[in-house]
Amino acid sequence: MTLAKIAGLAACLAVGAPALATAGATPHEAVTEEDGKFFNAEEMPTFMVLEDGTVDWYTFSGFRRYHAECHVCHGPDGQGSSYAPGLASSVMRLDYFEFVGIVASGYEKGNSVMPAFGTNRNVMCYVDDLYVYLRAVGSGAIPRGRPANRMDKPESAIAFENDCMG
Ligand code: HEC
């Protein structure tokens, strides 16, 4: 379904740059834009922050989704809690596919459990948003807290959301 669609698209786009596709080597810099969605040199989703602090729609959306779905365990602003790791730093080492895989499938380690969200549309339809938001915080491109200004919601985000949320 949608996850396959997203991953499939990203995989097609990534074919040209296999040498760069290693965890930790991903630069955050946006080199292309498609209707308000930004991509780095590896064609992976990334954030955009303007000089006045305005963030792209997806980063803002990720902030909201994170605080609705992940905050309860992972702490505010991706900073971690006594129960679960700080995702703002996790995404600096996890690449896009590793992140999506963990969110979709979850895992257990000892007594702690990361739930699988693969069938939760409120999460999976916004998994790119979560990733770019957390990378924006983790890289220090945006401060903690709700971004004060954001770009308008792109037409393609509205269309994708309608399709994904079904
Ligand atoms: C019910 C609590 C809970 C919720 C809700 C939750 N997580 Fe987790 N998550 C965990 C725990 C606990 C771990 C760590 C498991 C371990 O390694 O011990 C984890 C681990 C992770 C990891 C791996 C981190 C790393 O450093 O390797 C990612 C990525 C992740 N979660 C993403 C998310 C996202 C995104 C959301 C929101 C959509 C979310 N989680 C919601 C409990 C939760």
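Look a little higher up for the structure.
S.K.: Sorry, what's going on with the nonpolar core here?
M.R.: A general tendency of soluble globular proteins is for nonpolar side chains to be buried together. Residues Tyr66, Phe99, Val103, Met124, Tyr133 and Leu134 are the most contacted members of the largest nonpolar core, which totals 31 residues. Looking at this core, the elements that each hand over two or more residues are helix H2 (57-69), helix H4 (87-90), helix H5 (96-105), helix H6 (121-124) and helix H7 (127-138).

S.K.: How do you make sense of the coordination of the iron atom of the ligand when you look at a structure like this?
M.R.: For a metal with four tetrahedral donors the ideal donor-metal-donor angle is 109.5 degrees, whereas six octahedral donors ideally subtend 90 or 180 degrees. Looking at the iron atom of the ligand, one finds its protein donor set to be His74 (NE2) and Met114 (SD), positioned 2.0 to 2.1 Å from the metal centre. On the basis of relative accessibility, which here comes to 9%, the residue histidine 74 falls in the buried class.

S.K.: Explain H5 to me, please; I cannot follow it from the model alone.
M.R.: Spacing of three or four residues puts side chains on the same side of an α-helix, whose turn is 3.6 residues. Looking at H5, one finds that the buried residues are Tyr96, Phe99, Val100, Val103 and Ala104. Mapping the buried residues of H5 onto a view down its axis gives an arc of 125°, with all of them on the same face. Two or three places before phenylalanine 97, at the opening of H5, aspartate 95 has a side-chain oxygen 3.1 Å from that residue's backbone nitrogen. Two residues or fewer past H5, glycine 106 is found with a positive phi of approximately 65°.

S.K.: When you look at the sheet that holds strand S2 (residues 37-39) in this model, what are you seeing that I'm missing?
M.R.: Note on sheets: strands pair through backbone hydrogen bonds, and any given pair is parallel or antiparallel. Reading across from one edge, S1-S2-S3 is the order of the three strands in this open sheet, with antiparallel pairing throughout. Where the open sheet ends on each side, the last strands, each with one partner, are strand S1 (32-34) and strand S3 (45-46). Bridging between S1 and S2 involves three bridges; their strand directions are antiparallel. In the strand pairing of S2, glutamate 33 is matched with phenylalanine 38.

S.K.: Would you take a moment to explain the site of the ligand for this structure?
M.R.: Among the 23 residues in the neighbourhood of the ligand, the closest are listed as Cys70, Cys73, His74, Arg93 and Met114. For the ligand, an oxygen atom lies 2.5 Å from a polar atom in the side chain of serine 112. Of all the secondary-structure elements, those providing two or more residues to the shell around the ligand are helix H3 (71-74), H4, H5, strand S4 (107-109) and strand S5 (112-114). Here the residues of the shell around the ligand are counted per class, giving 17 nonpolar, three polar and three charged.

Definitions and cut-offs
Residue positions are given per chain, counted from 1 along the sequence in the order it is written. At least 70 in pLDDT is required for a residue's local features to be given in this predicted model, at least 80 for side-chain atom pairs to be given and counted, and no such filter applies to totals for whole chains, interfaces and linings, which use all residues. Each side-chain value is worked out from all heavy atoms of the structure, with water and hydrogens disregarded. Here, nonpolar core refers to any group of buried Ala, Val, Leu, Ile, Met, Phe, Trp, Tyr and Cys residues whose side-chain atoms link them within 4.5 Å. Relative accessibility decides the category of a residue: with a 1.4 Å probe and only protein chains considered, values under 20% of the type maximum give buried, values over 50% give exposed, and everything between is partly exposed. Secondary structure elements follow DSSP: runs of H or I no shorter than four residues count as helices, runs of E no shorter than two count as strands, and numbering proceeds from the N terminus. In this listing, donors mean N, O and S atoms no farther than 2.8 Å from the metal, or 3.2 Å for Na, K and Ca; water is missing from the atoms, so a site can look incomplete. As used here, the arc belongs to the directions running from the helix axis to the C-beta atoms. As used in this structure description, the phrase polar contact means that two N or O atoms lie within 3.5 Å; if the pair is within protein, one of them must be able to donate a hydrogen and the other to accept it, and residues adjacent in sequence are counted only when both atoms belong to side chains. Two strands pair under a simple rule: DSSP has to find at least two bridges between them. When we say a residue is near a molecule or strand, we mean one of its heavy atoms is within 4 Å of it. Asp, Glu, Lys and Arg are counted as charged, while Ala, Val, Leu, Ile, Met, Phe, Trp, Tyr, Cys and Pro are counted as nonpolar; the rest, among them Gly, fall into the polar class.

Function-wise, these values are silent; they only describe arrangement.
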